[in-house]
Structures are given as structure tokens and as C-alpha cells.
Amino acid sequence: MVLHMVLLKLLDWVLYQLLANSCYRAARKMRSYGSLLKTPSLKSPNQQPQIFPDVSRCPINGRESHTLVCDINGTLLKTDQSFFPYFMLIAFEGGSIFRAFFLLLSSPLLLILDSEYQLKVMIFITFCGVKMKDVESVSRTVLPKFYLENLHLQAYEILASTGSKVIITSIPRVMVEGFLKEYLCVNKVIGTELHCVGKYFTGFLCNSGLVVKHKALKEHFGDKTPQLGLGTSNLHDYLCISLCKEGYVVNKEDSKGNTMPREKYPKPLIFHDGRLAFLPTPLATLSMFIWLPFGFCVAMFRLLAGIYLPYKVAIFLGTKSGVHITFQGPNPSSPSSNSTQKKGVLYVCTHRTLLDPVFLSTCLGKPLTAVTYSLSKMSEIIAPIKTVRLSRERKRDGETMEKLLSEGDLVVCPEGTTCREPYLLRFSSLFAELADEIVPVAVNTSVSMFYGTTASGLKCLDPIFFLMNPKPVYYIHVLEKLPKQLTCGGGRSSSEVANYIQKQLADALGFQCTTLTRKDKYLMLAGNEGIVQDDSAKS
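Model, not experiment: these values are computed from the prediction.

Visitor: Would you mind going over the overall build of the protein with me for this structure?
Guide: Looking only at helices and strands, the protein has 21 helices and 16 strands in total. Going through the 539 residues of the protein one by one, you find that 50% of them count as buried. Looking at the protein alone, contacts between residues at least 24 apart form 74% of all its contacts between residues at least 6 apart. With an accessible surface of roughly 26100 Å², the protein has 57% of that area assigned to carbon and sulfur atoms.

Visitor: Where do I start with the packing of helix α3 (residues 84–95) against helix α4 (residues 97–105) in this structure?
Guide: In a pair of packed helices, the angle between the axes and the distance between the axes together describe the arrangement. Axis separation between α3 and α4 bottoms out at 7 Å; the angle between their running directions is 155°. In terms of their interaxial angle, α3 and α4 are classed as roughly antiparallel. Contact residues: α3 offers F84, F87, M88, A91, F92 and G95, while α4 offers I97, R99, A100, L103 and L104. Its residues placed into classes, the contact of α3 with α4 shows 9 nonpolar, 1 polar and 1 charged.

Visitor: Got a minute to help me understand the sheet that holds strand β11 (residues 386–389) in this structure?
Guide: Within a sheet, neighbouring strands are paired by backbone hydrogen bonds and run either parallel or antiparallel to one another. The mixed open sheet is built from 7 strands, whose spatial order is β8-β15-β14-β9-β12-β10-β11. Looking along the sheet, the strands with just one partner apiece sit at the ends: β8 (324–328) and β11. The mean angle between the axes of side-by-side strands here comes to 25°, regardless of whether they run parallel or antiparallel. Across 6 bridges, the pairing between strand β14 (residues 438–446) and strand β15 (residues 473–478) is antiparallel. Looking at β15, one finds that S446 is bridged to V473. Set on the sheet, helix α16 (residues 356–364) makes contact with β8, β9 (346–349), β10 (369–372), β12 (410–412), β14 and β15; between it and β15 the angle comes to about 65°. Contacts between helix α20 (residues 494–509) and the sheet are confined to β9, β14 and β15, with β14 contributing the most and set at about 40° to the helix.

Visitor: Whenever I open this one, a nonpolar patch on the surface confuses me. Can you help?
Guide: Taken together, the side chains of L283, L286, I290 and F294 present a nonpolar region at the surface, about 440 Å² in accessible area. In this fold, L283 is placed in helix α14 (residues 282–308).

Visitor: Explain the side chain of D356 here, please?
Guide: Mapped onto the fold, D356 is located in helix α16. Look at D356: it is buried, it has no salt bridge, and the nearest opposite charge is R352 at 6.8 Å. Of the polar contacts made by the side chain of D356, one reaches the side chain of H351; its length is 2.9 Å. A polar contact of 2.3 Å, which involves the side chain of D356, links it to the side chain of Y474. Leaving out residues up to four positions away in the same chain, D356 has contacts with T350, H351, V443 and Y474.

Visitor: How should the environment of S379 be read in this particular structure?
Guide: Relative to the helices and strands, S379 resides in helix α17 (residues 377–382). Exposure remark for S379: the relative accessible area of 6% places this residue in the buried category. It is 8.6 Å that separates the C-alpha atoms of S379 and L354, two residues lying 25 residues apart in sequence. Aside from chain neighbours lying at most four places away, what touches S379 is L354, K459 and C460.

Visitor: When you look at the environment of T281 in this model, what are you seeing that I'm missing?
Guide: Mapped onto the fold, T281 is located in the loop between α13 (252–255) and α14. Residue T281 is classed as partly exposed on the basis of its relative accessible area, which comes to 24%. Along the backbone, T281 and L89 are 192 residues apart, and their C-alpha atoms lie at a distance of 9.8 Å.

Visitor: What exactly am I supposed to notice about the sheet that holds strand β6 (residues 228–231) here?
Guide: The parallel open sheet is built from 5 strands, whose spatial order is β3-β2-β1-β6-β7. Here the strands that pair on one side only, and so sit at the sheet edges, are β3 (188–192) and β7 (246–249). Within this sheet the neighbouring strands show an average axis-to-axis angle of 15°, counted without direction. Examined bridge by bridge, strand β1 (residues 67–70) and strand β2 (residues 164–172) share 4 bridges and lie parallel to one another. Note that in β2 the partner of L68 across the bridge is K165.

Visitor: Is there a simple way to think about the pairing of β6 in this case?
Guide: Consecutive side chains along a regular strand alternate between the two faces of the sheet. Alternating residues of β6 divide into L228 and L230 and G229 and G231, and every residue in both groups is buried. Pairing between β1 and β6: 2 bridges, direction parallel. Counterpart to L68 in the pairing with β6 is L228. Across 4 bridges, the pairing between β6 and β7 is parallel.

Visitor: It is not clear to me how the confidence of the model for the protein should be interpreted in this structure. Could you clarify?
Guide: Low-confidence regions, as indicated by low pLDDT, have predicted coordinates that should not be scrutinised in detail. Of all residues in the protein, 85% attain a pLDDT of 70 or more, and the chain-wide mean is 86. Mean pLDDT values over the elements of the protein span from 48, in helix α1 (residues 2–38), up to 97, in α4. Low pLDDT (under 50) marks residues 26–48, which in the prediction has 7 contacts with non-local residues, meaning those over four places away or in another chain.

Visitor: Looking at this structure, I do not really get the pattern of salt bridges. What am I missing?
Guide: Opposite charge on two side chains permits pairing when their charged atoms draw close. The tally for this structure, following the rule as stated, stands at 19 salt bridges. Between E193 and R173 there is a salt bridge whose closest N-O contact spans 2.6 Å. Of this pair, E193 sits in the loop between β3 and β4 (194–197) while R173 sits in helix α10 (residues 173–183); the two residues are 20 residues apart in sequence, bridging distant segments of the chain. According to the relative accessible area criterion, E193 is partly exposed, its value standing at 29%. The partner of D462 in a salt bridge is K459, and the shortest N-O contact between them spans 3.2 Å.

Visitor: Even after reading the chapter, I still don't get the nonpolar core, so can you show me in this structure?
Guide: Most often, soluble globular proteins keep nonpolar side chains buried together rather than apart. Core analysis: the largest hydrophobic core is formed by 97 residues, its most contacted members being L76, Y86, M175, L180, L184 and L360. Broken down by element, the residue count for this core peaks at 8 residues, all from α3. Counting 29 residues, the second largest nonpolar core, distinct from the first, contains L346, L405, L479 and I501.

Visitor: Would you take a moment to explain α4 for this structure?
Guide: Along an α-helix, a turn takes 3.6 residues, which lines up residues three or four apart on a common side. Turning to α4, its buried residues are R99, A100, L103 and L104. The arc that holds every buried residue of α4, seen down its axis, measures 145°, which confines them to one face. The exposed set on the far side of α4, more than 90 degrees from its buried face, consists of F98, F102 and L105. Where α4 is buried, its residues contact α3, α5 (107–112), α6 (115–127) and α14.

So, how was this worked out
Residues numbered from 1 in each chain as written. Predicted model: local features only at pLDDT ≥ 70, side-chain atom pairs only at ≥ 80, totals over all residues. Heavy atoms only, no water. Helix = DSSP H or I, 4+ residues; strand = E, 2+ residues; numbered from the N terminus. Buried < 20%, exposed > 50% of the residue type's maximum accessible area, 1.4 Å probe, protein only. Contact = heavy atoms within 4.5 Å. Areas by Shrake-Rupley, 256 points an atom, 1.4 Å probe, with all protein chains shown as cover. Axes fitted to C-alpha atoms, helices over the stretch in contact; angles between N-to-C directions. Parallel < 35°, antiparallel > 145°, perpendicular 65-115°, else oblique. Nonpolar A, V, L, I, M, F, W, Y, C, P; charged D, E, K, R; others polar. Pairing = 2+ DSSP bridges. Patch = residues over 30% accessible without salt bridge, like charges linked within 9 Å, V, L, I, M, F, W, Y side chains within 5 Å. Salt bridge = Lys/Arg side-chain N within 4 Å of Asp/Glu carboxyl O. Lys, Arg positive; Asp, Glu negative; His and termini not counted. Polar contact = N/O pair within 3.5 Å; in protein donor to acceptor, adjacent residues only side chain to side chain. pLDDT = per-residue confidence, 0-100. Core = buried A, V, L, I, M, F, W, Y, C linked by side-chain atoms within 4.5 Å. Arc of directions from axis to C-beta.

Right, here's the structure in full:
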């Protein structure tokens, strides 16, 4: 009965509100365009006077006691893009690939709809039937990266200079509130509220409907008048900022090339999740869906070549298929420098994907053994090199690594987990106690479509997603072996050795060292400590 009523309500909304109102608004637009053609002086939008000055003219000094009111869409974020990509991220990462495809199919319809109905359609397709916790997770772990990359520099500098910040937006509050409060220190977020049933969104709005900015401002401030308002040339923004003592406009032309550089981020972006490595605009998303079947076939070819073919052949075929490998270090064909040693060499790598030891083994042209804390059964089965799990019990893991070193060369990633951004997590010092033959290896990757790592998704798909990229890049730089006097055998403590190697690898890659750990990453991205059972496919 409930489903029946929901379907009737949806049908009524589509037929009588969406289509009828859209046709009526379209007719009014055509009429207004006709009147513009009859009035030559109004043909060019450049001839229309601008009521409020440009945002570049806004002084930022002495605003510590001022209150700022603005929107995130078009003001804090660049105005040359719609909010469609952020809805697509929710649909893909928090929903499914089928929901994302359906949202993409709706993009031509969105072009002919009024902005109000564009938003309602995107909200319904994106949120209908999606769990609240999944949306909240994506909003916290995926969206901030894309928000920061598209943040308007001048608008943010003005916002940061004020003492009180109020964001009023018609965008669903659940999509923006976490980012605005955590990264931009916003005091109050007034956004569109969504209707829920139990733990799920219905895709409909609450009774209050979409937020109308100037009305929301009056309700929130009452008789008080905020000192500063930022907006676009949109009529709703004009009405809103006209209620402030000062008003400034963010123009579309000025927002191009005015993006926030990484070094000016209000908070360092170290951890983020999700599979998509690009901002999914309609055209970019269409390109992804076209590439998907070809990408899967290419990934299988690359994977099978790496598993079953000799090193040189695998590198040749991988390169021909689009994988770009940059290797610096000893000649792979030269004999091992530790051939007379009783123990193997311990390669200490930075950790970017699960494939780090595989690419290192392939580039060196010799079999290596990799130790890992958590690995899915599928990854163990398809791994072309020997992999051994560690237990997180220091004594037991030390004995395991000692035994493996007596049998041959060993690869360890002391960060304990991957990091996508140019930062190195804290190195565990256990490896430094086990060997004096230590070779640091700087590893970095670059992708254009899919990330080959995840904190909350299926870990067994990580290699597949990485290899599905059209042109994935792997950079491997094998540094000089650590001098005897800088090892534990030379009198250094294990923590000193670990910190020294971390700094050496960070310098080689141009990264920054941090004291963050695997536990910190998973508590932020997945709400757990990243410890999984053997039969789990997650890490």
C-alpha cells in the first residue's frame, strides 16, 4: 500500500508539476527572448548593468566581527560547472553503477528543465532508495576532495576572513554540511532537507521544499542584517545579498583559473575514498561508460600477462597496452649485489597500491616475496609473486620475516596501508630490527579514471580497477642501499632507521612525512581500524 501511494505521488509530480510547469516556464522564456530581439539595446548581456561589484573588489581586512552569507553552488565552488558531478559521485559511490548510468541518461532532460526542476530530478534519481549512512559516508570521504579542487580562491579568502559564516543553499544539506563545517569552519548550514523512511531516502523533499535563499536569510537572521553577502548574477542571489549591508558578485569569467592550490587548502587533504579519479561531468561520465567494457578486457589482458609471462615479455606487452613504467635504479639484468650474503635484501617501499611488490619484482627481473597485513583471498590467488600475511603480533611477525629473509629477498611496505595523496604515513619500525641489507624504494602511481585502492569497498577489485585505467603510470626508484652505520647493526635504534628512510623516500618523491597511521586512515574513511578476517574481501 505504501509503495502504491509513492508511485501515485511520483506520477502526479511528473505529469502535473514537472512537465506542465516546465512547458509553462519554457514558453515564458521564449516570450522573453522574443522581447529581447525586439529591443536591440538588450540583446547583449554585457550591456546590462551590474548592481553589485565584483568579488575581487571586496576588502578582507578587519572583518573578524562580520557575518558572511553565501551559497556553495556557484559562489564557493567554481561557477562554470553545474552541481551534476557531485550528484553523480553520490549515485556512483553511494548507490551503484546502474544508478549512475540512469542519472547520466537523464542529463539531456536536465538541459531543458528549469533549474528548480533540474535539482528535483537529480535529487530523486540520486537519493531514492539509498541508505542514509551510505550518503553520509560519501559526503565525508569522497566529496571533500572534489570540493577542494574546485574551490574558488577569492571567495574562500573572503569567507576565511569573517568571524561568522552562514551558508544558505538549495543543495541537499547532507551533501555539503560535513565539508563546510570540517574544512571551512562554517558556523551554520541551511540547506534543502530530504524525506526519509527508516534508514532510507525516498528521493522526495521534506514539506519545506527547496530552500529559497532570501526567505531563509530573513527567517534565520530576523531583524538583524548580516554585514556581507556573496553570490552570482542569478536573480535569487541578487535578492539574497541585497538583504546584506555589502554585496559582491562572483562572475563566471573570473572563476576560471581561480581555483584553490593545494598548498592553500584550509586543511590538508591526506585521506579520501571512492573509485572515481575524475570529476564526473556528463561528458566525462559518458566517456567512462563507453570505456568500461574495453577497460575490463584490457585489465584482464594486463593481469594475465603479468601472471603467466616472463618479466621482459610482461613489461613489453604491458607498455604496448598503455601502462607507463618509469624505473630508476640498478640494471635489472645485472647480478644481485647480495649473492654472497646469507640473508636476502629487504626492500622497503612506499605503498600506493597492492601491485607495488609485483611491479618492483617485474622491473628488477627476479622473484620477490611480499609481506602484507590484510589481503583478500582473490588477491592472493592471482598474485604472480609469493605473498605472506602478517598477524600484527610484533614477535610473531618478526620471526616470520626473519625466516623469509633467510630464503630470499623480501618486500615490505611499513606504512601498512596505501595513501593516494603526496604524503607518507608513519613507518613501522619492525623491519629495521630484522636486516642490515636495506634498500629503500620510492613508489608512486598516477591514474586518470579509477583509483586502485579503497577503504570501504571490495579490496579484491583494487588491481582490476587500477589496470582498467587507459594509461596507468607506475614510477619506481630504487635508491642506494642503506649504509651500515645507519642501520640497527651500526648502533641506530629501529625508530631512527624507520624515520630516516621515511624522510629519504619523501624527499625522493617530493612528498611530506606525517605521523598518521593505518588506524587513523580507516577510522576516518571506514569507521573501523582496518582489521578484517581472513575470509573477508575488504581491507
